[in-house]
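# A closer look at the structure
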Amino acid sequence: MYQSELIPAMKGYIAGQWVSADSGRTMNVHNPATGDLLGAVPMMEAAETTRAVEAAEGALAEAPSAEQRKAWLMAIAKALRDNAFELGRIVTLENGKPLAQGEGEAAYAAGFFEYAGQNMDVLKPRRLDERPNDHTWTVHFRPAGVVALITPWNFPLAMVAKKLAASIAAGAPAVVKPSEKTPLSMIALFRLMDRLDMPPGFVNLVIGEPKEIGRVLMEHEAVRVVSFTGSTAVGRHLITASAPSVKRLSLELGGNAPFLVFDDCDIAAATDHLMKNKFRAGGQTCVCTNRVLVQKGVVDRFAAAVAEKVLALKVGNGMEEGVDIGPLIDRAGHDKVRRHLEDALKKGAVSLTGDVPAPEGPNWGQFFKPTVLRGVTPEMACAREETFGPLVAIQEFDTEEDAIRLANGTEYGLAAYVFTKDADRACRVIRNLRFGHVGWNTGSGPAPQAPFGGMKQSGFGREGGPEGMMEFVEIQTVPMA
Ligand code: ADP
């Protein structure tokens, strides 16, 4: 069992109290690098979730002031920064990413609370300059109601931070449901929030059976917004389940990010950006490049440069010094990357980095040797599906039109990257890409100050920036005679 001052007990948090599952049942959380048991967290189900929603509904009745919410947001940001080392360890132990990235995630999460705290003015009532019908018109941004925040395992802290910072700013009480694979970071965040003077029920944490918790969150009338990050399959299910009570959804679903390398770009810079982008969290982020599309004239040079850097990466336990890539989250994650690799090799792609050893043993330590493939084509699984692992899949293209067509040839539309020195070309290409986030000469992912989200089947709604805060308010318009 992992001992941390930030995890005094492996419990959920409902109505200001640390609580176990009614049934007393627990589920184990393991370190994906070693298989070590980190803890046994409550296996909550419908009854606990209902109580969490009711507690949040109670908190809605006594809305905290804007000054109060701002003070909480700034205090959470400070607590995350002050405890970044310990939080980073917890993230790394349960998720597997290298420790520097775990600590970086705590700082990244802090940025969302800080940004929301510093920018709450966007939620101030707005008096119209015009006087339609000879009335004074005021637009108010009211808390949307109880909000449900459902998150995945790849950023155990930051995925919740993006949503929770905005919901606190909006004054909307929250029920948080983290991934069952990585709930410990959330217990730690709630421990930090428990030290503040938030009213009971304003923030709640339920951990446990996803289907049962999800069912109550989707059925309960008091829940007005569900903000979800995860797979497109579960996102589709939530869309259907939200219909009877007409909830607002904010969905950040799967991606299939293209990384476009034109022959006029700075190849060294493009290579560096690809390495940082592709291998963050071992390739397990929704903005990680999935398809590398390279113009014919530079593909030899680019592929060789990438392969050389990939061969130098160190794979291992994220707690060890100098490790670049940790394990994949679990055996299923590993097997998907392996399936994509084998499918591509069978259909004619070539590995520039040698063979990948088959996994040994049980579910733990599924370290995948980072691999560069050339000769990838659009019908291969690694080009159609999100690989979510350290596989660099390089395709070639001829013209700008080919590049745009290939890049858009997916049902997803989350992140894309374009490398070219030609500003006219960049404008033409970016305008035609159906992706919510497009980096020009950068592999940068999202930032707290900017809205981030997808087009097409990558979902709808935005996180970060003023737009992110608007997800958790209802607009109320008051004409006054
Ligand atoms: P991932 O593969 O990234 O874990 P999932 O979509 O399976 O993606 O999970 C994302 C989050 O959604 C997790 O917190 C998971 O527990 C939760 N989840 C899974 N199934 C459901 C469901 N039926 N209703 C609500 N939440 C769910």
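Residues numbered from 1 in each chain as written. Predicted model: local features only at pLDDT ≥ 70, side-chain atom pairs only at ≥ 80, totals over all residues. Heavy atoms only, no water.

Averaged over all residues, the pLDDT of the chain is 97; the fraction at 70 or higher stands at 99%. Between the elements of the chain, mean pLDDT differs from a low of 96, seen in helix H11 (residues 331-346), to a high of 99, seen in strand E12 (residues 257-261). (pLDDT = per-residue confidence, 0-100. Helix = DSSP H or I, 4+ residues; strand = E, 2+ residues; numbered from the N terminus.)

Right, let's get into the packing of helix H13 (residues 400-408) against helix H14 (residues 423-432). Two elements in contact, H13 and H14, have axes separated by 10 Å at closest approach and are oriented at 30°. When the axes of H13 and H14 are compared, the pair comes out roughly parallel. Remark: the crossing between H13 and H14 carries right-handed chirality. Judged by residue contacts, Glu-400, Ile-404 and Asn-408 of H13 engage Arg-425, Arg-428, Val-429 and Asn-432 from H14. (Axes fitted to C-alpha atoms, helices over the stretch in contact; angles between N-to-C directions. Parallel < 35°, antiparallel > 145°, perpendicular 65-115°, else oblique. Left-handed = near helix turned anticlockwise from the far one by under 90°. Contact = heavy atoms within 4.5 Å.)

Bringing the sheet that holds strand E14 (residues 350-351) into the picture now. In space, the seven strands of this open sheet follow the order E14-E15-E16-E13-E12-E18-E19, with mixed pairing throughout. The open sheet has two edge strands, E14 and strand E19 (437-440), and neither has a second partner. Pairing of E12 with strand E18 (residues 415-419) involves three bridges; the strand directions are parallel. Across the sheet, the residue bridging to Val-261 is Phe-419, located in E18. Each of E12, strand E13 (289-295), strand E15 (371-374) and strand E16 (391-397) is contacted by helix H10 (residues 299-311), which is oriented at about 165° to E15, the strand it contacts most. Lying over the sheet, H14 contacts E12, E13, E18 and E19, oriented at roughly 170° with respect to E19. (Pairing = 2+ DSSP bridges.)

Here we take up helix H1 (residues 46-61). Along its 16 residues, H1 runs 23 Å from first to last C-alpha, staying within 8% of the 22 Å computed at 1.5 Å per residue. Listing the buried residues of H1 in full gives Ala-46, Glu-48, Thr-49, Ala-52, Val-53, Ala-55, Ala-56 and Ala-59. Summarising the contacts, the buried residues of H1 are in contact with strand E1 (12-14), strand E7 (146-150), strand E8 (174-177), strand E9 (203-205), helix H7 (210-219) and strand E10 (223-229). (Expected span 1.5 Å × (residues − 1). Buried < 20%, exposed > 50% of the residue type's maximum accessible area, 1.4 Å probe, protein only.)

For the structure on display, the rule yields 27 salt bridges. With its nearest N and O atoms 2.7 Å apart, the salt bridge here joins Lys-97 to Glu-105. As far as burial versus exposure is concerned, Lys-97 and Glu-105 are alike and both buried. In this structure, Lys-347 and Asp-343 form a salt bridge, with 2.7 Å as the shortest nitrogen-oxygen distance. Of the residues examined, Lys-347 reaches a relative accessible area of 42% and is grouped as partly exposed. By relative accessible area, which is 13% here, Asp-343 ends up buried. Overlapping salt bridges bring together Asp-264, Glu-400, Arg-425 and Arg-428 as one network. (Salt bridge = Lys/Arg side-chain N within 4 Å of Asp/Glu carboxyl O.)

On to the site of the ligand. What surrounds the ligand is a group of 16 residues, the closest being Thr-151, Lys-177, Glu-180, Phe-228 and Ser-231. A distance of 3.2 Å separates an oxygen atom of the ligand from a polar side-chain atom of Trp-153. Ser-231 has a polar side-chain atom sitting 2.6 Å from an oxygen atom of the ligand. Coverage of the ligand by the protein amounts to 80% of the 550 Å² it exposes when considered alone. Among the elements of the structure, H7, E10 and helix H8 (232-242) are those that each provide at least two residues to the shell around the ligand. The residue inventory of the shell around the ligand, partitioned by class, reads seven nonpolar, seven polar and two charged. (Near = heavy atom within 4 Å. Polar contact = N/O pair within 3.5 Å; in protein donor to acceptor, adjacent residues only side chain to side chain. Areas by Shrake-Rupley, 256 points an atom, 1.4 Å probe, with all protein chains shown as cover. Nonpolar A, V, L, I, M, F, W, Y, C, P; charged D, E, K, R; others polar.)

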